[in-house]
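Take a look at the letters that make up each chain.
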Amino acid sequence: TGPLGQGFANAVGMAFASKMFAKEFNNAKNSIIDHYIYAILSDGDLMEGISSEAASFAGHIGLGNIIYIYDDNRITIEGSTDAAFSEDVQSRFASYNWHVQKIDGHNFYEIEEAIVNAQKEENKPSIIIARTRIAKGSPNKEGSEHSHGSPLGVEEIKQAKMNIGCDPDLHFFVPQRVYDIMAERGRELADKHNEWNRRFKDQIKGELKKKWDTFFNLPDILSLKDDLPVFETGKAVATRSASGKVLEALFGKLPNIIGGSADLAPSNKSFVSGYEETGRGSIGRNIHFGIREHAMGAIQNGISSYGGFLPYSATFLAFADYMRPAIRLASMSGLHTVYLFTHDSIFVGEDGPTHQPIEHIASLRAIPKLTVIRPADAEETREAWLSAIDNRFGPTALILTRHDIPVIERKFGKAQNLNKGAYIIWDADSDPDILLIATGSEVHISIEAAKKLKDKGINARVISFPSWELFEKQSEDYKKMIFPEAVNKRIVIEAGIKMGWEKYAGIDGLYITIDQFGASAPYKVLAERFGFTEENILAKVIEYFKQ
């Protein structure tokens, strides 16, 4: 599953999804969802901090369908784990509310007994600490780091084969008894599979079957539009708040949307009232991940991998760095996940530079197959959610404001043009002299600046550019219509770093961006200080136009 610890947390997500499915579809007459989630862990998995976050979450909820086997061979690349790892794993997991067993990892009878015991534990996740010897049977490398990531070598392999009872002269050897056991097991499992399918057909039918199908067949987004909120032109609405309103409507239409926040739901607007919550010994569609962004992203991946659910997670954009490994793997795996990243710029204000994302949007845009959308207002936010639902083969990050911004009057492009990535949101009466390219909360001030530029004889086109990734999917004719080749005066306006925008504005473009850390002050003071006002835009554009 990628970097160490990710699989640990992915499996927690799978176990959570399994419990949610059981809650939705199991009843007194059936138990269609009746399996366990198994994982094999290494020393490295347990050293990575993400495993602590995910273990704490799983133990708190009481995910009794988890069975992990920890291959405790006490060897890493640098040698014995004694160099850096001496904790009491048994006590650690007991404190997380896990069911813990210790066994000889080479004793098949102990392995079987431990798994059976773990299956009987319904209220706690289980970890089986299996003490092993790495490269067992190797005469010179057993128990050594030299067998961790390197081939044993031809002669060492021959001697190891002799030690475990295999013919050393056969390059690849499997005893016939193993083939016989596997064939027999295959027949047993085929019977179990057929029996499960019979139970499914008998028990999941009628309204329950219709409900099941809704989990695996998301509706066309056009069928959702009439049930989503419409926002009044001119009204000031933070896009995080607009997202919360849209999410509330979606919860009522799509029973498979689940998710939550890393202890920031009141700020992210990611909690939907009226639906059950995940907590101590309970699960629900509103998930309290706790302050565990790293695990939250990986658990979300596990939920998506399990199938049937569309999971979302929410935190401040500045904390996307904590989630980056999981976001990258979601992109690599083509998982249908949604990230709500709020407090998207220096306009967070008094929280100061530590919480003011500067480089984060650019760093997210750098991840292949991740669709990043920064809507310009509440109307675009609704369309961004629909785009995220429709992006079924990859993750989507919605970049949302903390502060209120006006719902833009649209005489030109409508908000649904967001799905094209970039569109003309305001235009002069004749061919443009310059292009103002903006995203998010900077779009409305760009429009105001464009109106004043017109009064000064400069025809400006304002392009709302919420998503590079969506724009790059459009035809060349569309791209040229939005960005006429004849117009080489291009201005980018975004409260983030310049990097990457050169593709659209060129080396000679004007960049009203921020390539330094912010400061602690009210957001209007920061807007003035760092030049994100219509007056500053007007002055800089006029000077640039004269060049």
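Please refer to the structure higher up on the page.
Residues numbered from 1 in each chain as written. Predicted model: local features only at pLDDT ≥ 70, side-chain atom pairs only at ≥ 80, totals over all residues. Heavy atoms only, no water.

1. Focus: the packing of aromatic side chains
One pass over the full model with this rule turns up 41 aromatic pairs. For the ring pair F465 and F483, a centre distance of 5.9 Å and an interplane angle of 50° mean the geometry is tilted. Here F465 is found in the loop between β17 (460–464) and α16 (468–471), whereas its partner F483 is found in the loop between α17 (476–482) and β18 (490–493), with 18 residues between them in sequence. Among the aromatic residues, ring-to-ring pairing joins F21, F25, W196, F200, W212, F215, F216, Y306 and F309 into one connected group. (Phe/Tyr/Trp six-rings, centres within 6.5 Å; stacked < 30°, edge-to-face > 60°. Helix = DSSP H or I, 4+ residues; strand = E, 2+ residues; numbered from the N terminus.)

2. Quick look at the layout of surface pockets
Considering only enclosed or pocket space, the largest pocket measures out at about 430 Å³ in volume. Lining the largest pocket, in full, are D34, H35, Y36, Y38, R185, L189, K192, H193, E195, W196 and R199. No other element matches the seven residues that helix α7 (residues 176–203) contributes to the lining of the largest pocket. Across the lining of the largest pocket, the residue classes tally to four nonpolar, two polar and five charged. (1 Å grid on protein atoms, 1.4 Å probe; cavity = no way out; pocket = protein on both sides within 12 Å on 5 of 7 lines; lining within 4 Å. Points joined across faces, edges and corners; volume = space filled by probe spheres on them. Nonpolar A, V, L, I, M, F, W, Y, C, P; charged D, E, K, R; others polar.)

3. As for the side chain of N459
As for its placement among the helices and strands, N459 is situated in the loop between α15 (442–455) and β17. Within the structure, N459 has its side chain in polar contact with the side chain of S430 (distance 2.8 Å). Those residues in contact with N459 that lie beyond four places of it in its chain are A428, S430, D431, P432, D433 and I434. (Polar contact = N/O pair within 3.5 Å; in protein donor to acceptor, adjacent residues only side chain to side chain. Contact = heavy atoms within 4.5 Å.)

4. Some remarks on the sheet that holds strand β6 (residues 126–131)
Read across the open sheet, the four strands follow the order β1-β2-β6-β5; overall the sheet is parallel. Each end of this open sheet is capped by a strand with a single partner; those strands are β1 (37–41) and β5 (99–104). Sheet twist, expressed as the average angle between the axes of neighbouring strands with direction ignored, equals 20°. Sheet analysis places strand β2 (residues 66–72) next to β6, joined by six bridges and oriented parallel. Following the sheet pairing, D71 is matched in β6 by A130. (Pairing = 2+ DSSP bridges. Axes fitted to C-alpha atoms, helices over the stretch in contact; angles between N-to-C directions.)

5. What about the packing of α15 against helix α20 (residues 534–546)?
Working note: a packed helix pair is described by the angle between its axes plus the distance between those axes. The interhelical angle for the contact between α15 and α20, taken along N-to-C directions, is 50°, at an axis separation of 9 Å. Considered as vectors, α15 and α20 are oriented oblique to each other. Regarding α15 and α20, the two cross each other, and that crossing is right-handed. Contact residues: I445, S446, E448, A449, K452 and L453 in α15; E534, E535, I537, L538, V541 and I542 in α20. Within the contact of α15 with α20, the residues separate by chemical class into seven nonpolar, one polar and four charged. (Parallel < 35°, antiparallel > 145°, perpendicular 65-115°, else oblique. Left-handed = near helix turned anticlockwise from the far one by under 90°.)

6. Remarks on helix α9 (residues 239–253)
In a regular helix each residue adds 1.5 Å, so 15 residues correspond to 21 Å; α9 covers 21 Å between its end C-alpha atoms and thus fits that length. Looking at α9, one finds that the buried residues are T239, R240, A242, S243, G244, V246, L247, A249, L250 and F251. (Expected span 1.5 Å × (residues − 1). Buried < 20%, exposed > 50% of the residue type's maximum accessible area, 1.4 Å probe, protein only.)

7. Quick notes on α20
The end-to-end C-alpha separation of α20 is 18 Å, in line with the 18 Å expected for 13 residues at 1.5 Å each. All of the buried residues in α20 are E534, I537, L538, V541, I542 and Y544. One side of α20 carries all its buried residues, which in axial view fall inside an arc of 165°. For α20, the exposed residues set more than 90 degrees away from the buried face come down to E535, E543 and K546. (Arc of directions from axis to C-beta.)

8. Notes on the nonpolar core
If you look at the biggest cluster of nonpolar residues, it comprises 66 residues, and the most contacted ones within it are F8, V12, F16, Y68, F93, W98 and F341. The dominant element in this core, judged by the number of residues it contributes, is helix α1 (residues 6–25), at 11 residues. The contact partners of Y68, leaving out residues within four places of it in the chain, are F8, A11, V12, A39, L41, W98, S126, I127 and I128. By size, the runner-up hydrophobic cluster in this structure holds 56 residues, among which are A376, A449, F483 and A527. (Core = buried A, V, L, I, M, F, W, Y, C linked by side-chain atoms within 4.5 Å.)

9. Focus on the sheet that holds strand β8 (residues 257–261)
Spatially, β9-β8-β10-β11-β13-β12 is the arrangement adopted by the six strands of the open sheet, whose pairing is parallel. Edge positions in the sheet fall to β9 (286–288) and β12 (371–373), since each has one partner strand and no second. Between one strand axis and the next, the sheet turns through 20° on average, direction left out of account. Bridge count between strand β11 (residues 338–342) and strand β13 (residues 396–399): four bridges; the pairing is parallel. Each bridged residue has a counterpart across the sheet, and for F341 the counterpart in β13 is I399.

10. A word on the packing of α9 against helix α14 (residues 378–390)
α14 packs onto α9 with a crossing angle of 50° between their chain directions and a minimal axis gap of 9 Å. As the angle between them shows, α9 and α14 are arranged oblique. For the element pair α9 and α14, the recorded crossing hand is right-handed. Contact residues: α9 offers T239, A242, S243, V246, L247 and L250, while α14 offers A378, T381, R382, W385 and I389.

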